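These are the residues of each chain, in order.
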Amino acid sequence: MKAHFISGLPRSGSTLLAALLRQNPRFHAAMTSPVGGLVERMLEAMSENNEFSVFISPEQKRALIMSIFSAYYHPQADKEIIFDTNRLWCSKLPLILELFPEAKVICCVRNIAWIMDSIELLIRRNAFDVSRLFNNPAERATVYSRTEALSQGSRLVGYAYTALKEAFYSEQSASLLLVDYDLLTKNPTKTISLIYQFIGEEPFEHDFKNVEYQEPEFDNKLKTKGLHQVRSQVEFKPRKTILPPDLFERFDSLSFWTEATNSRASAIVAKAKETVKNEPLDHP
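The chain has the name Sulfotransferase in an unreviewed UniProt entry, where Planktothrix serta PCC 8927 is given as its organism.

**Q** Before we go on, may I ask you to explain the layout of surface pockets in this structure?
**A** Over the atoms, a rolled probe matching the size of one water molecule traces out where space is still vacant. Each pocket or cavity is described by its volume, and for the second largest pocket that value is around 190 Å³. Lining the second largest pocket are Leu43, Met46, Ser47, Pro58, Lys61, Arg62, Ile65, Leu95, Glu98 and Leu99. For the lining of the second largest pocket, the secondary-structure elements that each account for two or more residues are helix H3 (58-72) and helix H4 (93-99). Ranked by residues supplied to the lining of the second largest pocket, first place goes to H3 with four residues. Of the residues contributing to the lining of the second largest pocket, the split by class is six nonpolar, one polar and three charged.

**Q** Which parts of the structure should I look at to understand the pairing of strand E5 (residues 176-180)?
**A** Consecutive side chains along a regular strand alternate between the two faces of the sheet. Taken across its five residues, E5 has five buried, putting it largely inside the fold. Burial of the side chains of E5 extends over both faces: Leu176, Leu178 and Asp180 are buried on one face and Leu177 and Val179 on the other. Looking at chain direction, strand E4 (residues 105-109) and E5 are connected through five bridges and run parallel. Counted as the bridge partner of Cys107 is Leu178 from E5. Where E5 meets strand E6 (residues 266-268), three bridges bridge the pair, whose relative direction is parallel. Among the inter-strand pairings, Leu177 is bridged to a residue of E6, identified as Ser266.

Each value, and the rule that gives it
Residues numbered from 1 in each chain as written. Predicted model: local features only at pLDDT ≥ 70, side-chain atom pairs only at ≥ 80, totals over all residues. Heavy atoms only, no water. 1 Å grid on protein atoms, 1.4 Å probe; cavity = no way out; pocket = protein on both sides within 12 Å on 5 of 7 lines; lining within 4 Å. Points joined across faces, edges and corners; volume = space filled by probe spheres on them. Helix = DSSP H or I, 4+ residues; strand = E, 2+ residues; numbered from the N terminus. Nonpolar A, V, L, I, M, F, W, Y, C, P; charged D, E, K, R; others polar. Buried < 20%, exposed > 50% of the residue type's maximum accessible area, 1.4 Å probe, protein only. Pairing = 2+ DSSP bridges.

Next up, the structure:
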C-alpha cells in the first residue's frame, strides 16, 4: 500500500484538494477519515496503561497499526495511491515515516484570520442550528467567544495550528508540502502540477470546472451545513471580512509558514506581506 497524507489547517482547502485528487483514477482521496483516530486509540491500547502491553513487541505494534490502514482501505485496494486526510497527521510525522518511509504530507494552509472568518460565515448561514463546534452557550455567545474557543490548543483551529507548527519545524519537515488555499483557488493548474512533482507522480489533466464532493450527512451531524461542500468550479472569490477589525488583526499575523527559516518544508505559498503580494507560486 502506497500512502500520502493531507493535513494542515481547517477551512484551508483540504476537502477541495481531495476532490481534485480523486479525479485521478489511480488515486483515492476524501475528507477526514477515522483512520487517525483509530491509530491514536490503538497506540493508547498498546501503551503502559494496558497491563498486558508487555506482551506486545515493537514489530507487533507496527503490524497492528498497519492493519488499521489495510483494513480501512481494503475497498480501495484497486487504487495505486491512498491519500488519507486528518489534521492530526502533522503531530504524527515520526509514526507516518516509520510506517511509510516515502510518504509525503500535503498541508493545506490559509491566513488564520480568514479561517476564522470562514467558520463564522458558516455559523451565521446556519442561523437556526446550534453548531456542535462549540461546547456550551458561553462559547457560542458572540463572535469573540466563538473565535476564542476555536483558537484554544485542543480545538478545531488551535490544535491544527500548533500541530502544523510542530511539523514545520521538526526534523521530518522535508516530507511536508504546504499549499496555500488562496493560491490553490487562484491558480489550480500550476498548484496541482507542483503537488504532482512533489509526490513524484506523472501529471494528470484535472477538470477544475467540474469538481464534485460533499459530505452532507457528516456536516448535518455537526449542525454546520456546508462545512465540507466543494463548489463545482475552482475559483477565488474575494470579499470583505465579516470579523470585527480588532479580531481580524489579532489573527492576521500568525502565518509563520511565509518564512521558511529553520524548516526544510517545501511550500506553495505567498511570501511575507512586506516583500511579496500575490506573487507566483514558489517551486517546492
